[in-house]
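# Structural description and commentary
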Amino acid sequence: MKLLVINGVNLGMTGRREKGVYGAQTLDEINEEIRAFCAEKGHTVDFFRSDLEGEVCRAIHGAQGKYDGIALNAGAFTHYSYAIRDAIASVSVPVVEVHMSNVHAREEFRKKSVLTEVCRGEVLGFGKNSYKLALESFWL
Ligand code: DQA
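My aim in this report is to walk through the structure given alongside it, one point at a time. (Residues numbered from 1 in each chain as written. Predicted model: local features only at pLDDT ≥ 70, side-chain atom pairs only at ≥ 80, totals over all residues. Heavy atoms only, no water.)

### Focus on the site of the ligand
- The immediate surroundings of the ligand are formed by R17, Y22, N73, G75, A76, H79, H99, M100, S101, V103 and R110.
- Between an oxygen atom of the ligand and a side-chain N or O atom of H79, the distance comes to 2.7 Å.
- In this structure, an oxygen atom belonging to the ligand sits 2.8 Å away from a main-chain N or O atom of M100.
- Coverage of the ligand by the protein amounts to 98% of the 330 Å² it exposes when considered alone.
- A molecule is said to occupy a pocket when more than half its atoms come within 2 Å of that pocket's grid points, and by this definition the ligand occupies the largest pocket.
- Counted by class, the shell around the ligand contains four nonpolar, five polar and two charged residues. (Near = heavy atom within 4 Å. Polar contact = N/O pair within 3.5 Å; in protein donor to acceptor, adjacent residues only side chain to side chain. Areas by Shrake-Rupley, 256 points an atom, 1.4 Å probe, with all protein chains shown as cover. 1 Å grid on protein atoms, 1.4 Å probe; cavity = no way out; pocket = protein on both sides within 12 Å on 5 of 7 lines; lining within 4 Å. Sits in = over half its atoms within 2 Å of the grid points. Nonpolar A, V, L, I, M, F, W, Y, C, P; charged D, E, K, R; others polar.)

### Some words on the packing of helix α3 (residues 53–63) against helix α4 (residues 82–89)
- The interhelical angle for the contact between α3 and α4, taken along N-to-C directions, is 5 degrees, at an axis separation of 9 Å. The angle between α3 and α4 falls in the class roughly parallel. Side by side, α3 and α4 meet where E53, V56, C57, I60 and H61 of the first sit next to A83, I84, A87 and I88 of the second.
- Here the residues of the contact of α3 with α4 sort into seven nonpolar, one polar and one charged. (Axes fitted to C-alpha atoms, helices over the stretch in contact; angles between N-to-C directions. Helix = DSSP H or I, 4+ residues; strand = E, 2+ residues; numbered from the N terminus. Parallel < 35°, antiparallel > 145°, perpendicular 65-115°, else oblique. Contact = heavy atoms within 4.5 Å.)

### Considering the environment of S81
- With respect to the helices, strands and loops of the structure, S81 is situated in the loop between β3 (69–75) and α4.
- Distance from S81 to M1, taken between C-alpha atoms, is 28 Å for residues 80 residues apart in sequence.
- When near neighbours in sequence (up to four residues on either side) are disregarded, S81 contacts E53, V114 and L115.
- Looking at S81, its side chain comes within polar contact range of the side chain of E53, at 2.5 Å.

### Some details on the nonpolar core
- In terms of nonpolar packing, the biggest core is built from 22 residues, with I6, I60, I70, L72, I84, I88 and L115 touching the most fellow members.
- Of all the elements in the fold, those that place two or more residues in this core are β1 (2–9), α3, β3 and α4.
- Tallying contributions element by element places α3 first for this core, with five residues.
- Excluding anything up to four places from it in sequence, I60 contacts I6, I70, L72, I84, A87, I88 and V91.
- Y22, V96, V123 and Y131 belong to the second largest nonpolar core, which has 19 residues in total. (Core = buried A, V, L, I, M, F, W, Y, C linked by side-chain atoms within 4.5 Å. Buried < 20%, exposed > 50% of the residue type's maximum accessible area, 1.4 Å probe, protein only.)

### Things to note about the environment of G8
- Looking at the element boundaries, G8 is found in strand β1.
- Taking the relative accessible area as the measure of exposure, G8 reaches 0% and is therefore buried.
- Sequence separation of G8 and E53 is 45 residues, and the distance between their C-alpha atoms is 7.4 Å.
- Other than its neighbours up to four places away in sequence, G8 contacts S50, D51, V56, N73, A74 and F77.

Here's what the structure looks like:
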C-alpha cells in the first residue's frame, strides 16, 4: 500500500514543545520510525507537514488516486477547521484521524473534533504509536 501521513499546525514543534504531552522525539525522528514500521510490512509512506490550513487541504486533494490511505493529525485545526473537514469529504481516499495525546483527558475545547464524522476512524492517546496504529488499520 501507498500511504500518506499529514501533520498540521504546530506538529513541526514536536520534541520541542510540551514534551510531557507529545514526547521528546522530533517529528523527523518519529517519521523515520513510521517509515521503518511500514517498510517492514511491505508498505510505503510519504509525509507532509504544514502550519497552513489551505496547504493541508491541498495535500488531501492531491492524495486522491495516489494513496490508499491517509493518517491525519491536523493538530488544533481538528477542533474548528470546516475547510479540512470538507477536503476530507471531497476525496474517496480513506482518512484516519490521529492524535498523540488523549484529547478527551485534556481541555474542554479539545474534546470536539469537526473531522471525525468524515473520517474512517480515529486513533488517539498512544503518543507516536497513534500514527502506526492508524496506518496499520489500512492493511489489517
Ligand atoms: C494533537 C491534539 C490537539 O488538540 C493539539 O492542538 C495538537 C496535537 C495531538 O496530537 O494530540 O496540536 O492533535
